[in-house]
Amino acid sequence: MAAVDRFPVGASLTLDDLAGDVHPHLARLRATEPVSWLPALGGWLVTAREPALEVLRDAEAYTVDDPRFSTARVVGPSMLSTDGDEHGRHRAPFAPPFQAATVRDGFEAWTIAEARRLAAGSAAELAAAGQADLRAGLAGPLAVSVIARALGLVDDDPHRILGWYRAISAGVEGVNAGRDVGDDTRRAVADLRAEVDRTVAEATGSMLAAVASDGSLTADEVFSNTAVVMFGAIETSEGMTANALAHLLGAPDQLAAVRADRSLVAGAVEESLRMEPAATLVDRYATRDVVLAGVAIRSGDLVTVSLAGANRDPAVFADPDRYDVARPEAHLQLAFVKGPHLCLGRHLARLQTVAAVDAVLDLLPEDVVLDGGPSAANVRGLVFRKPAAVPVRRGG
Ligand code: HEM
């Protein structure tokens, strides 16, 4: 039977459907084709939580290590593009500085102060102009400054870092579309490489110097993994914070509950990760013929996991489309995946988003609302999902 007959919902979906209001499409897929063939992706899409976990946990059957993985072609092999022992070698020197206690002791106070500084700027803008955008004023700049600080970069000018980020992302997109890497991207890679080498040499107390002194990675590998850490952090953390603020400010009853009991902030952030994981699709490649949830997958096939699909699986999450800051099972969400590629930066990411939400609750007026109602923060994106802006004004 042709794939279009076996997987009619998958066959009907376009990239635009997946980038826009994706959740109703994911619900339809999950109900009848939880492992479906999507011609638009040229691969399988997994939308139920159980098979998603099976793929993410079994790196022998479903690997990231494939020439089609474009990031590795721009910055070189890293923990994100390797599996097995090689993956362990790339990841090990970066693991200790990203542990929960190390992140808390090293960065919590600084991150809270930085979030409050930025939120105070948004509060001033709101007072002066009657409107502020919490993505541009808080979520974005916080994401850049936190990762620059964590790595210990000698030159932590956010504009420079964002310039590298944009040029390297454009290079990855170009490679995905079959083009050459391009001169701008090559220049950005060379500049970032020089900054990493300089940080290792001069900032002896920095995370990068510690990673390099471990001795298990070459200078090229210190660079490629640093690029992955940096760019893994910027886009996703901005999205995570923007989504969390949009969810909370767009749900007055939930916001009132959090204002009344601030211990609910962490739950509000976790629930936002469940509803709208900032990185929503992750790719794997089948290393052999396998059967997943009764579907035969061929060796070499692309297998994409929809984290947003898994996170609204009604088998695990009751009334899954409801944003509930006190949801007891929210911690079962998969925004940071599971298995060997479990997000290295998850503690730092949670820390900064909680700090941003706390700063908004503390420093913006109590009657602050989303300007335009809940739909004002219209989340979009095929792989990375976030609203174009989180516009706020005073309510009443
Ligand atoms: C401080 C911020 C962050 C840093 C430094 C960071 C860093 C990383 C790194 C280095 C990896 C690769 C781990 C490996 O392959 O072994 C990773 C994986 C991942 N991260 Fe993060 N990350 C951050 C924030 C986030 C956020 C906010 C999200 C989403 C809400 C996210 C989602 C993911 C996902 C889905 C993966 C798995 C990718 C895959 O399996 O293909 N990360 N992260």
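In case you missed it, the structure is sitting above this.
Residues numbered from 1 in each chain as written. Predicted model: local features only at pLDDT ≥ 70, side-chain atom pairs only at ≥ 80, totals over all residues. Heavy atoms only, no water.

Structural notes on the side chain of Thr-226
So, step 1. Summarising the element assignment, Thr-226 is placed in helix 13 (residues 219-249).
So, step 2. Exposure remark for Thr-226: the relative accessible area of 0% places this residue in the buried category.
So, step 3. Not counting the four nearest positions on each side in its chain, Thr-226 is found in contact with Phe-94, Leu-151, Val-196 and Leu-208. (Helix = DSSP H or I, 4+ residues; strand = E, 2+ residues; numbered from the N terminus. Buried < 20%, exposed > 50% of the residue type's maximum accessible area, 1.4 Å probe, protein only. Contact = heavy atoms within 4.5 Å.)

Overview of helix 8 (residues 100-129)
So, step 1. Maximum bend of helix 8: about 55°, positioned at Phe-107.
So, step 2. The inward-facing, buried residues of helix 8 contact strand 4 (132-133), helix 9 (134-151), helix 17 (346-363), strand 9 (368-370) and strand 12 (391-394).
So, step 3. The first or second residue beyond helix 8 is Gly-130, which carries a positive phi of 80°. (Bend = angle between axes of the 7 residues up to and from the residue.)

With respect to the pattern of salt bridges
So, step 1. Scanning the model with the defined rule gives 29 salt bridges in all.
So, step 2. A salt bridge links Asp-197 to Arg-193; the shortest N-O distance between them is 3.2 Å. Taken together, the positions of Asp-197 and Arg-193, both in helix 11 (residues 183-202) and four residues apart, correspond to about one turn of that helix.
So, step 3. Residue Arg-274 pairs with Glu-271 through a salt bridge whose shortest N-O separation is 2.8 Å. Of this pair, Arg-274 and Glu-271 both sit in helix 15 (residues 265-275), three residues apart, which is roughly one turn of that helix.
So, step 4. Look at Glu-271 and you get buried, because its relative accessible area is 0%.
So, step 5. Here the salt bridges share partners, and the residues they tie into one network are Asp-155, Arg-160, Glu-195, Arg-198 and Glu-202. (Salt bridge = Lys/Arg side-chain N within 4 Å of Asp/Glu carboxyl O.)

Notes on the site of the ligand
So, step 1. Around the ligand, the surrounding shell holds 27 residues, and the nearest of these are His-87, Arg-91, Arg-284, His-341 and Cys-343.
So, step 2. Contacts to the ligand include Met-79, whose backbone N or O atom sits 3.3 Å from an oxygen atom.
So, step 3. Residue His-87 places a side-chain N or O atom 2.7 Å away from an oxygen atom belonging to the ligand.
So, step 4. Top element by residues in the shell around the ligand is helix 13. It accounts for six residues.
So, step 5. Split into classes, the residues belonging to the shell around the ligand amount to 19 nonpolar, six polar and two charged. (Near = heavy atom within 4 Å. Polar contact = N/O pair within 3.5 Å; in protein donor to acceptor, adjacent residues only side chain to side chain. Nonpolar A, V, L, I, M, F, W, Y, C, P; charged D, E, K, R; others polar.)

Details of the packing of helix 9 against helix 13
So, step 1. Direction vectors running N to C along helix 9 and helix 13 enclose 145°, while the axes themselves pass 9 Å from each other. Of the two possible hands of crossing, helix 9 and helix 13 adopt the one that is right-handed. Where helix 9 abuts helix 13, its residues Leu-134, Arg-135, Leu-138, Ala-139, Gly-140, Ala-143, Val-144, Ile-147 and Leu-151 lie against Thr-226, Val-229, Met-230, Ala-233, Ile-234, Ser-237, Glu-238, Thr-241, Ala-242, Leu-245 and Leu-249.
So, step 2. Among the residues making up the contact of helix 9 with helix 13, the classes are represented as 14 nonpolar, four polar and two charged. (Axes fitted to C-alpha atoms, helices over the stretch in contact; angles between N-to-C directions. Left-handed = near helix turned anticlockwise from the far one by under 90°.)

Topic: the environment of Ala-120
So, step 1. Assignment of secondary structure puts Ala-120 in helix 8.
So, step 2. When its relative accessible area of 36% is taken as the criterion, Ala-120 is described as partly exposed.

Points about the sheet that holds strand 8 (residues 302-306)
So, step 1. Read from one edge to the other, the open sheet built from five strands follows the order 1-2-8-5-3, with strand pairing classed as mixed. Two strands bound the open sheet, and with one partner strand each, they are strand 1 (35-38) and strand 3 (62-63).
So, step 2. Here strand 5 (residues 281-286) pairs with strand 8 via five bridges, running antiparallel. Bridge assignment links Leu-281 to a residue of strand 8, and that residue is Ser-306.
So, step 3. Sitting on the sheet, helix 5 (residues 49-57) is in contact with strand 1, strand 2 (43-46), strand 3, strand 5 and strand 8, with an inclination near 125° to strand 8. (Pairing = 2+ DSSP bridges.)

Overview of the pairing of strand 2
So, step 1. Pairing of strand 1 with strand 2 involves four bridges; the strand directions are antiparallel. Bridge pairing links Val-35 to Val-46 in strand 2.
So, step 2. Connecting strand 1 to the antiparallel partner strand 2 that follows it, the hairpin turn spans four residues, and Gly-42 within it adopts a positive phi of roughly 65°.
So, step 3. Bridge count for strand 2 against strand 8 is three bridges, and the pairing is parallel. Its bridge partner being in strand 8, Leu-45 is matched across the sheet by Thr-304.

Some details on the packing of helix 13 against helix 15
So, step 1. Where helix 13 contacts helix 15, the two axes come as close as 9 Å, and the packing angle between them is 105°. When the axis of helix 13 is compared with that of helix 15, the two are roughly perpendicular. On helix 15, the residues touching Met-240, Asn-243, Ala-244, His-247 and Leu-248 of helix 13 are Ala-268, Val-269, Ser-272, Leu-273 and Met-275.
So, step 2. Split into classes, the residues belonging to the contact of helix 13 with helix 15 amount to seven nonpolar, three polar and no charged. (Parallel < 35°, antiparallel > 145°, perpendicular 65-115°, else oblique.)

Focus on the nonpolar core
So, step 1. If you look at the biggest cluster of nonpolar residues, it comprises 83 residues, and the most contacted ones within it are Phe-94, Ile-147, Leu-192, Met-230, Phe-231, Leu-348 and Leu-364.
So, step 2. The greatest single-element share of this core, amounting to 16 residues, is contributed by helix 13.
So, step 3. Excluding anything up to four places from it in sequence, Leu-364 contacts Ala-119, Ala-123, Leu-126, Leu-134, Ala-359 and Val-392.
So, step 4. Among the nonpolar cores identified, the runner-up in size contains 22 residues, and Val-35, Tyr-62, Val-303 and Leu-334 belong to it. (Core = buried A, V, L, I, M, F, W, Y, C linked by side-chain atoms within 4.5 Å.)

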